[in-house]
Amino acid sequence: MSIRFFIRKIFRALLTICLIVTFIFVALRLSGDSALLIFGPDADSESLEILREAWGLNKPIWQQYVIYISNVFHGDLGKSYLDGRDAVEVVAERIPKTLSLMWVTAAVTLLIGIPAGIQSALHHNTKRDRVTMTLAVMGLSIPNFFLGVLLILLFSVTWRVLPSAGSDSWKHYIMPVITMATAEAAVFARFTRSAMLEILNQPYIRTAIAKGVPWKKVVREHALPNAAIPIVTIAGFFIGSLIVGGVITENVFAWPGVGRLLVTAVANRDLAVVQVTILLIAVSMVTANLIVDIAYGWLDPRVRDLRSEEL
Amino acid sequence: MTDKLEVELTHSEEKPQENFQIRIHRFFGRYPPIVIIAALWLLFMIFVAVFATLISPYDFTSIDLRTRLQAPVWMEGGDWNHLFGTDDLGRDVLSRLIFSIRMSLLIAFLGTVIGAILGTALGFLAAHFRGWVDDVVMAGIDFQASLPFFIISLTLLAFFGNNLVLFIGLMGIYGWERYARITRGLTLSAITHGYAIAVNTLGATPIRVYLRHILPNISSALIVNMTLNFPGTVILESSLSFLGIGVQPPLTSLGNMLGFGRDYLTTAWWITVFPGVAIFLATLSMSILGDWVRDRLDPTLM
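Quantities reported herein were computed from a predicted structural model and do not represent experimental measurements.

Asker: What should I look at first to understand the overall build of chain A in this one?
Answerer: Looking only at helices and strands, one finds 15 helices and zero strands in chain A. Burial status across chain A gives 46% buried among its 311 residues. Taking the contacts inside chain A whose residues are at least 6 apart along the sequence as the reference set, 72% of them involve residues at least 24 apart. Carbon and sulfur atoms provide 66% of the accessible area of chain A, an area that totals close to 15800 Å².

Here it is, written out as structure tokens:
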């Protein structure tokens, strides 16, 4: 693997993060006078001045930008308007809860989605295939907030077997995980199926069958490893949709994670917390995509060569 | 003589019947029943959205506190005045549902059209000018891919406050990058094809080459992307509205209705379930149609 490929990828990732930081800065400054926002329209001019001075809002815009960038790289991202604590701290204490939900969801998604897709492809155009794919389309189409509300209606309101809010025991995980994993597993099932079908049509599979390799071995040793390569590509997309799904699901089930914090911060216009959350999401997604790109180049040299030509 | 005539008669009677059966068979082979049902359902929803003012039994904002949280007609406590019951302010759920469908479909439609035009135009620009224009568009695509659009729109709505124009604009930006990528890629290869070079040599302006000659040739991929984009826009709009950050009262959309109805889940499930089912059926039918269109127009796309 060429060093240039690596450097190019890392450079692109850094560039994207810089773009995102700039995007947040521009959006922040365009959105109006933060001092007015905090104190409201009837604030006296003296206290507004003090606040502007304290936050450097009366400096020229390019100076503000430079200060902002240096602050970001020093990890100083402002304080929450609501309780005056460091925004980084406010966000950081919510991360474990969100991650624990994501791990479980990711595991359930992969355990259901990929085998379902493989089964569908191996039994192409049979009843099993059609039933799986119908379920997948339905899983894709049901919005997760509606699914979550339906689950609460059935399991919490009607049958009273599962708690509808909180995150204290394993029972609290059941409904949020179902809510998030349904659409994800559907995506994986569809994608795995089409990747698998494409591989099964390749000449080397026909060759393997023709020379008498048992079918199970063909699937396990010839088809699956090759089908795994395209599946890796949607990992970046998977993390993105886990984050979005998490934001909605945490709000439906009052899960005390980052997603719920983000929506509360947006509603209260607690901009420091919003920007820390966005940066956190951006950095994790860019890193994930970088890892996927490198892993993909490593798994499939053809792609690596093709991509470095294209860039 | 008579025998012969009879034979001929039965023969000519059988033939059209056979043709008819074959034709039916072929028709359903080409248009599977599920696709027809999905299309009819979408047409029905569009009909409801267009004629909302004529169909809806009440004004969707009219409040009647005497009939708060009344159940749908088939349940105990329901009556024919409010088929789908009423909400916490005594507003007719059916009327609100009709107007919500109108709002959600309108936003999704506008969003899809804006996104398609924007993305296609940027794709053409990138392919035509190459160089730094191409770099800027590609950087934009990278940026878009690095953050889920849901998060971007959440941020922008947080910073700029909410209004309907900004919201529809955001829905339009959603998905532009896929159109741009498809257009750019296909145009780059189309430019080298004989027909584009020929038209170009004949003295056609670049705009004419792109819009009249290349666009029709790449349109199937773009149409497929539009049908796949539409359900995504519906879900994006309703998710944001559900969280209270999208369409604001007194306007109503499907997600907005669901979000507010959530507080009455224990006493009045109908406020949440009807709009939820409406979203589900809309996105489901659109996905079924989208898959079908993709299989017919462009089997190579995933």
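Picking up where we left off.
Asker: Sorry if this is basic, but what is going on with the packing of helix α8 (residues 144–158) of chain A against helix α12 (residues 235–252) of chain A here?
Answerer: All names here are of chain A. Running from N to C, α8 and α12 cross one another at 30°; their axes reach a closest spacing of 9 Å. On the basis of the axis angle, α8 is roughly parallel to α12. Pair α8 / α12 crosses with right-handed handedness. The segment α8 lies against α12, with Asn144, Phe145, Gly148, Val149 and Ile152 engaging Gly245, Ile248, Thr249 and Val252. When the residues that make up the contact of α8 with α12 are grouped by side-chain class, the tally is five nonpolar, four polar and no charged.

Asker: Quick question: what am I supposed to make of the interface of chain B and chain A here?
Answerer: Interface extent is often summarised as the accessible area lost during association of the parts. Taken together, the contact pairs 41 residues of chain B with 45 residues of chain A. Taken over both partners, the interface formed by chain B and chain A buries close to 3700 Å², and the fraction arising from carbon and sulfur atoms is 81%. At the boundary of chain B with chain A, the tally comes to one salt bridge. Here Arg190 of chain A makes a salt bridge to Asp291 of chain B, at a shortest N to O gap of 3.0 Å. Viewed at the interface, chain A and chain B are joined by three residue pairs in polar contact (both at pLDDT 80 or more). Going through the elements one at a time, α5 (131–146), α6 (149–160), α10 (206–242) and α12 (270–297) of chain B are the ones with two or more residues in the side of chain B that touches chain A. Looking at the side of chain B that touches chain A, the element that brings in the most residues is α12 of chain B, giving twelve residues. Tallied by class, residues from the side of chain B that touches chain A come to 27 nonpolar, ten polar and four charged.

Asker: So what exactly am I meant to see when it comes to the nonpolar core here?
Answerer: It is characteristic of soluble globular proteins that their nonpolar side chains tend to be buried jointly. Counting residues in hydrophobic clusters, the biggest one holds 116 residues, and the most contacted among them are Ile24 of chain A together with Phe150 and Ile151 of chain B. In terms of residue count, α12 of chain B provides more of this core than any other element does, 14 residues in total. Non-local contacts of Ile24 of chain A, meaning those with residues more than four positions away in its chain, are made with Tyr68, Gln275, Ile278 and Leu279 of chain A together with Phe159 of chain B.

Asker: Would you mind going over the packing of aromatic side chains with me for this structure?
Answerer: Geometry of an aromatic ring pair is reported as the spacing of the ring centres plus the angle between the planes. Residue and element names in this part refer to chain B. Counted by the stated rule, this structure contains 16 aromatic pairs over all chains. Pairing Tyr31 with Trp292 gives two aromatic rings, centres 5.6 Å apart and planes at 45°, and the pair type is tilted. Of this pair, Tyr31 sits in the loop between α1 (2–30) and α2 (33–50) while Trp292 sits in helix α12, placing them 261 residues apart in sequence. Both rings, one in Trp269 and one in Phe274, keep their centres 6.0 Å apart while their planes meet at 50°; by these two values the pair is tilted. We classify Trp269 as partly exposed; its relative accessible area is 26%. One aromatic cluster is present, formed by Phe84, Trp269, Trp270 and Phe274 through successive ring pairs.

Asker: Mind showing me how you'd approach the environment of Ile278 of chain A here?
Answerer: Within the element layout of this structure, Ile278 of chain A appears in helix α14 (residues 271–299). Looking at Ile278 of chain A, the relative accessible area reads 1%, which means it is buried. For the pair Ile278 of chain A and Leu224 of chain A, spaced 54 residues apart in the sequence, the C-alpha separation amounts to 37 Å. Ile278 of chain A has contacts with Ile24 of chain A together with Leu147, Ile151 and Thr155 of chain B, leaving out every residue within four places of it along the chain.

Asker: Sorry, what's going on with helix α1 (residues 3–30) of chain A here?
Answerer: Because an α-helix completes one turn every 3.6 residues, residues spaced three or four positions apart along the sequence face the same direction. Spanning 28 residues, α1 of chain A covers 40 Å between terminal C-alpha atoms, matching the ideal 40 Å at 1.5 Å per step. The set of residues buried in α1 of chain A consists of Phe5, Lys9, Ala13, Thr16, Ile17, Ile20, Val21, Phe23, Ile24, Phe25, Ala27 and Leu28 of chain A.

Asker: Where do I start with the environment of Met45 of chain B in this structure?
Answerer: Residues and elements named next belong to chain B. With respect to the element layout, Met45 can be found in helix α2. In this structure Met45 comes out as buried when scored by relative accessible area, which is 2%. C-alpha separation for the pair Met45 and Pro231, spaced 186 residues apart in sequence, amounts to 14 Å. Beyond its immediate stretch of four places on either side in the chain, Met45 contacts Ile101, Leu105, Ala278 and Ala282.

Asker: Where do I start with helix α11 (residues 215–233) of chain A in this structure?
Answerer: All names here are of chain A. In this model α11 runs 27 Å from its N-terminal to its C-terminal C-alpha over 19 residues, within 8% of the 27 Å that 1.5 Å per residue would give. Along its length, α11 reaches its greatest deviation from straightness, about 40°, at Ala223, and the proline Pro225 lies no more than four positions downstream. Where α11 is concerned, the buried positions are Val218, Val219, Ala223, Ala227, Ile229 and Ile231. Close packing links the buried residues of α11 with α6 (95–122), α9 (171–200), α10 (203–210), α12 and α14.

Asker: Looking at this model, I keep getting lost on the pattern of salt bridges. Mind explaining?
Answerer: Side chains that differ in charge, positive against negative, can pair when their charged atoms come close. Using the criterion set out here, one finds ten salt bridges over all chains in the structure. For Asp291 of chain B, the salt bridge identified is with Arg294 of chain B, shortest N-O distance 3.8 Å. With Asp291 of chain B and Arg294 of chain B both in helix α12, this residue pair falls three residues apart, about one helical turn. One network of salt bridges, with partners in common, ties together Arg190 of chain A together with Asp291, Arg294 and Asp295 of chain B.

The rules behind these values
- Residues numbered from 1 in each chain as written.
- Chains lettered and ligands numbered in written order.
- Predicted model: local features only at pLDDT ≥ 70, side-chain atom pairs only at ≥ 80, totals over all residues.
- Heavy atoms only, no water.
- Helix = DSSP H or I, 4+ residues; strand = E, 2+ residues; numbered from the N terminus.
- Buried < 20%, exposed > 50% of the residue type's maximum accessible area, 1.4 Å probe, protein only.
- Contact = heavy atoms within 4.5 Å.
- Areas by Shrake-Rupley, 256 points an atom, 1.4 Å probe, with all protein chains shown as cover.
- Axes fitted to C-alpha atoms, helices over the stretch in contact; angles between N-to-C directions.
- Parallel < 35°, antiparallel > 145°, perpendicular 65-115°, else oblique.
- Left-handed = near helix turned anticlockwise from the far one by under 90°.
- Nonpolar A, V, L, I, M, F, W, Y, C, P; charged D, E, K, R; others polar.
- Buried area = accessible area lost by both parts, 1.4 Å probe.
- Salt bridge = Lys/Arg side-chain N within 4 Å of Asp/Glu carboxyl O.
- Polar contact = N/O pair within 3.5 Å; in protein donor to acceptor, adjacent residues only side chain to side chain.
- Core = buried A, V, L, I, M, F, W, Y, C linked by side-chain atoms within 4.5 Å.
- Phe/Tyr/Trp six-rings, centres within 6.5 Å; stacked < 30°, edge-to-face > 60°.
- Expected span 1.5 Å × (residues − 1).
- Bend = angle between axes of the 7 residues up to and from the residue.

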